[in-house]
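The primary structure of each chain is shown beneath.
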Amino acid sequence: MMSNVDPQLLASWLAARSIARGLPAPVPDRGGLRVETGQPEELRRYVFAGPNAGISELAMEISEPRVFIKMCGRQEQLLARVNPRWTPQPDAYLMTKEPGRNPVPSLPTGYWMQVATEGRTTIARIYAEDDTPAASGYAVEHDGVFVFDRIATDARHQRQGLGAALMAALGTAQQSQAAQRVLVATEQGRALYATLGWRVLSPYATVALIPADG
């Protein structure tokens with residue numbers, strides 16, 4: 001696993017993620033990228049391809065809460081570049097998968113799937129027999145990458161193969177076979193994706209300024 005990733009790959013992934021979430025496009029800032037997320041729990045995020053002097057500058061200057069700094073690298077590398085006001089967040093991993101054959105989507109008995117396209121985003125949703133939502137995920141192809149985003153399975157429906165079915169269904173939307181597949185996984189998700197042929201390109205560390213009341 002490397003700590004510095006190709007800045008262009010990171011920029012393409014982040015741009016595609018913004019498309020998938022209806023967010024403004026990333027803009028260069030201090031050697032990294034800034035996204036105005038504007039969410040109740042996250043005002044803004046800065047993303048860096050690796051350890052960078054701009055991280056320390058930002059960490060010193062920023063005082064408003066709900067701002068996140070993210071970096072391709074280990075948590076301790078990021079913590080060494082920020083002051084104690086910043087709180088480490090759960091580990092994550094930037095993962096990639098080389099272009100190749102897409103598996104055929106397969107659902108266990110008792111579930112059905114709906115796949116739709118909204119603008120440039122493909123959305124897959126899996127429902128249980130009683131039509132309650134069981135799992136969902138999003139994908140966007142942009143600038144040489146095919147990005148999977150927000151792959152989630154309801155706790156009551158886990159370990160049924162729904163995550164793999166979502167990934168397969170979303171993968172059918174990929175137009176360019178040369179586009180590299182990219183996602184960011186939680187610690188739990190990393191194990192699932194590894195079984196599907198994904199590899200960790202880099203740890204993906206995060207620190208945040210948390211409001212005093214939360």
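Placed above this text is the structure.
All values reported here derive from a predicted model rather than from experimental measurement. (Residues numbered from 1 in each chain as written. Predicted model: local features only at pLDDT ≥ 70, side-chain atom pairs only at ≥ 80, totals over all residues. Heavy atoms only, no water.)

Novice: Would you mind going over helix α2 (residues 53-61) with me for this structure?
Specialist: In an α-helix, one turn spans 3.6 residues; hence positions three or four apart end up facing the same way. Buried residues of α2: G54, I55, L58 and A59, and no others. Viewed along the axis of α2, the buried residues span an arc of 135 degrees, placing them on a single side of the element. Turned more than 90 degrees away from the buried face of α2 sit A53, M60 and E61, all of them exposed. Where α2 starts, the residue carrying a side-chain oxygen 2.6 Å from the main-chain nitrogen of G54 turns out to be N52. (Buried < 20%, exposed > 50% of the residue type's maximum accessible area, 1.4 Å probe, protein only. Helix = DSSP H or I, 4+ residues; strand = E, 2+ residues; numbered from the N terminus. Arc of directions from axis to C-beta. Polar contact = N/O pair within 3.5 Å; in protein donor to acceptor, adjacent residues only side chain to side chain.)

Novice: Could you clarify how one ought to interpret the nonpolar core in this entry?
Specialist: One broad rule of soluble globular proteins: the nonpolar side chains tend to lie buried together. Counting 22 residues, the largest nonpolar core has M95, I126, F148, L183, Y193 and W198 as its most contacted members. In terms of residue count, helix α4 (residues 162-171) provides more of this core than any other element does, five residues in total. (Core = buried A, V, L, I, M, F, W, Y, C linked by side-chain atoms within 4.5 Å.)

Novice: Would you take a moment to explain the environment of R181 for this structure?
Specialist: Tracing the sequence through the fold places R181 in strand β11 (residues 180-186). Owing to a relative accessible area of 6%, R181 belongs among the buried residues under this scheme. In this structure, the C-alpha to C-alpha distance between R181 and S136, residues 45 residues apart in sequence, is 18 Å. Separated by 2.7 Å, the side chains of R181 and Q174 make a polar contact.

Novice: Got a minute to help me understand the pattern of salt bridges in this structure?
Specialist: One side chain can pair with another of opposite charge once the charged atoms of both are near each other. The full count for this structure, using the stated rule, is 13 salt bridges. D29 is the salt-bridge partner of R30, the closest N and O atoms lying 3.3 Å from each other. R190 is the partner of E187 in a salt bridge, and the nearest nitrogen-oxygen pair spans 2.8 Å. Taken together, the residues E187 and R190, both in helix α5 (residues 187-195) and three residues apart, mark about one turn of the helix. One salt-bridge network, in which partners are shared between bridges, spans D29, R30, R34, E36, R44, E57, E61 and E64. (Salt bridge = Lys/Arg side-chain N within 4 Å of Asp/Glu carboxyl O.)

Novice: What exactly am I supposed to notice about the environment of P90 here?
Specialist: Within the element layout of this structure, P90 appears in the loop between β5 (87-88) and β6 (92-97). The exposure class of P90 is exposed, given its relative accessible area of 67%.

Novice: What is the right way to read unusual backbone geometry from this model?
Specialist: Phi is mostly negative for residues that are not glycine, and the peptide bonds are mostly trans. Residue R150 is not a glycine yet carries a positive backbone phi of 50 degrees. Looking at where R150 falls in the secondary structure, it is placed in strand β10 (residues 145-153). Judged by relative accessible area, which is 32%, R150 ranks as partly exposed. Residues other than glycine seldom take positive phi values, yet R159 does so here, at roughly 60 degrees. On the secondary structure map, R159 appears in the loop between β10 and α4. Under the relative-accessibility criterion, R159 is labelled exposed at 80%.

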